[in-house]
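Survey of secondary and tertiary structure
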Amino acid sequence: MPRHSGRSGKMSELLQEVRVFAPASVANVSCGFDVLGFALEQPGDEIVARRKDEPGLHISKITGEGGVLPTAVEKNTAGVAAQKLLEHLGSQQGIELEIHKKMPLGSGLGSSAASSVGAIVAINRLLGSPCADHDLLPFAAEGERVACGTAHLDNVAPSLFGGFVLIRSQDPPDVIELECLKPLFATVVHPDIEIKTEDTRNILRRDVALHKAVDQWGNVGGLVVGLLKGDYELIGRSLKDVIIEPIRSVLIPGFEQVKNAALNAGALGSGISGSGPSIFALSATRENGHKIAKAMQQRFDEIGLGNEAYVCKINQQGPQILEER
Ligand code: HSE
């Protein structure tokens, strides 16, 4: 949960401004549609919350997204999350938000979740931390509802809590933080196309054949046990998705080749990151993570699809307070 890396303000004086880093995340993790996710060390959004004399919440600046995101609070995911928190607190404090996007939109990296989490963590801190960090989750989930029509938690929970999480229940929220006994490195390659989560949810079938459900929940159980025991082999053989990936992968040019390239380069497993188009792979070492990234990028290059890669350890700390004054 939020750690402080910048100058620390005195809580006895009112803070005037707080800058927070909130991490990107990989949701679903192959078998765990809407129930599994983990946070990345990079990339992540930066959000600034600042006290203002004028009442109300305003978004004064958004950078890094080419001018496509709305500054109207009620249309902006971070704005909605922040507004819900302020309503819950009954706060009349005027607040201005700056949103600095440091990751592509519609990428499968939990971009909207990172902004929502950053906004509520920054505001909560600015107001003297009236909410316990874990109690902020429902407000971030409301931002997700604006972004893609459902308040699923598999991006917001890892972005807020850090680490690997299991959403045992969405409503009421029951989020279990999973500790992996061994180091895990994520490689995420983002091809230069945009996919809207809402669209990729709408193409999914509403019913699931029982034999596929059996495969899927076997793999979810296997992945959770693999993480808790630090059993790389079990993690690898559980990273399978027989329900969602076959439908969504057709939207990602070169998906099979890129996934196979990751596996051939030594990945424990690979699949669609969130609703795509990014593709993730997990590995046991940073060195292997870079090797896997190179192999995956090569496949995208071969089909002429621009791409960028991130290789990092799983982010255990969640949001970070970068500066406050
Ligand atoms: N679980 C979500 C989905 C993650 O796959 O639609 C993306 O927001």
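In this text, all values refer to a predicted model and were calculated from it rather than measured experimentally. (Residues numbered from 1 in each chain as written. Predicted model: local features only at pLDDT ≥ 70, side-chain atom pairs only at ≥ 80, totals over all residues. Heavy atoms only, no water.)

1. Considerations on the nonpolar core
Leu36, Phe38, Leu40, Leu97 and Ile123 are the most contacted members of the largest nonpolar core, which has 69 residues in total. Apart from the residues within four sequence positions on either side, Leu36 is in contact with Val26, Ala27, Asn28, Val29, Cys31, Asp154, Val165, Leu166, Leu178, Val220, Leu223 and Val224. Formed by 17 residues, the second largest nonpolar core is a distinct cluster that contains Ile195, Ala262, Ile292 and Met296. (Core = buried A, V, L, I, M, F, W, Y, C linked by side-chain atoms within 4.5 Å. Buried < 20%, exposed > 50% of the residue type's maximum accessible area, 1.4 Å probe, protein only. Contact = heavy atoms within 4.5 Å.)

2. Topic: the packing of aromatic side chains
Under the definition given, this model contains two aromatic pairs. When the centroid spacing of 5.2 Å and the interplanar angle of 40° are considered together, the rings of Phe38 and Phe164 count as tilted. Highlighted residues: Phe38 in strand S3 (residues 36–52) and Phe164 in strand S6 (residues 164–169), separated in sequence by 126 residues. Its relative accessible area of 0% is what places Phe38 among the buried residues. The exposure class of Phe164 is buried, given its relative accessible area of 2%. Seen from their ring centres, Phe38 and Phe280 are 6.2 Å apart, and the 75° between their planes marks the pair as edge-to-face. Pair noted here: Phe38 is in strand S3 and Phe280 is in strand S10 (residues 279–283), with a separation of 242 residues, a long-range link. The exposure class assigned to Phe280 is buried, which follows from its relative accessible area of 0%. One aromatic cluster is present, built from ring pairs that chain together Phe38, Phe164 and Phe280. (Phe/Tyr/Trp six-rings, centres within 6.5 Å; stacked < 30°, edge-to-face > 60°. Helix = DSSP H or I, 4+ residues; strand = E, 2+ residues; numbered from the N terminus.)

3. Considering the pattern of salt bridges
Summed over all chains, the structure comprises 14 salt bridges. The residue Arg50 makes a salt bridge to Glu96 at a minimum N-O spacing of 2.3 Å. Placement of Arg50 in strand S3 and of Glu96 in strand S5 (residues 94–100) is noted, with a sequence separation of 46 residues between them. In terms of burial, Arg50 and Glu96 fall into one category: buried. (Salt bridge = Lys/Arg side-chain N within 4 Å of Asp/Glu carboxyl O.)

4. So, a nonpolar patch on the surface
Side chains of Ile203, Val250 and Leu251 sit close together on the surface and give an oily, nonpolar patch of about 270 Å² of accessible area. Note that Val250 resides in the loop between helix H8 (245–248) and helix H9 (255–264). On the accessibility criterion, Val250 (66% relative accessible area) is exposed. (Patch = residues over 30% accessible without salt bridge, like charges linked within 9 Å, V, L, I, M, F, W, Y side chains within 5 Å. Areas by Shrake-Rupley, 256 points an atom, 1.4 Å probe, with all protein chains shown as cover.)

5. Some points on unusual backbone geometry
Along the chain, Gln42 connects to Pro43 via a cis peptide bond; the corresponding omega equals 0°. In this model, Gly276 is joined to Pro277 through a cis peptide bond whose omega is 10°. Tracing the sequence through the fold places Pro277 in the loop between strand S9 (269–272) and S10. Here Val29, not a glycine, exhibits a phi torsion of approximately 50°, which is positive. Of note, Val29 is situated in the loop between strand S2 (17–27) and S3. The buried category is assigned to Val29, whose relative accessible area is 0%.

6. With respect to the site of the ligand
If you check the shell around the ligand, you find Ala27, Asn28, Phe33, Asp34, His152, Asp154, Asn155, Thr197, Arg201, Arg248, Gly274 and Ser275 and nothing else. The side chain of Asn28 places a nitrogen or oxygen atom 2.7 Å from an oxygen atom of the ligand. Contact between the ligand and Arg248: an oxygen atom at 2.7 Å from a side-chain N or O atom of the residue. A total of 260 Å² of accessible area belongs to the ligand in isolation, and the protein chains cover 97% of it. (Near = heavy atom within 4 Å. Polar contact = N/O pair within 3.5 Å; in protein donor to acceptor, adjacent residues only side chain to side chain.)

7. With respect to the sheet that holds strand S11 (residues 307–313)
Taken together, four strands build an open sheet; the order of strands is S9-S10-S8-S11 and the sheet is antiparallel. A strand with exactly one partner marks an edge of an open sheet, and here the two such strands are S9 and S11. Each strand axis lies, on average, 15° off the axis of its neighbour in the sheet, ignoring direction. Sheet analysis places strand S8 (residues 185–191) next to S11, joined by seven bridges and oriented antiparallel. Bridge assignment links Val188 to a residue of S11, and that residue is Tyr310. Against the sheet, H9 touches S9 and S10, its axis set at about 155° to S9. Seen against the sheet, helix H10 (residues 286–302) touches S8, S10 and S11 and runs at an angle of roughly 165° to S11. (Pairing = 2+ DSSP bridges. Axes fitted to C-alpha atoms, helices over the stretch in contact; angles between N-to-C directions.)

8. Quick word on the side chain of Gln216
Structurally, Gln216 can be placed in helix H6 (residues 210–229). You can call Gln216 buried: its relative accessible area is 7%. Polar contacts involving the side chain of Gln216 include one to the main-chain amide nitrogen of Val242, which spans 3.0 Å. Setting aside residues up to four positions removed in sequence, Gln216 forms contacts with Ser30, Cys31, Lys240, Asp241, Val242 and Ile243.

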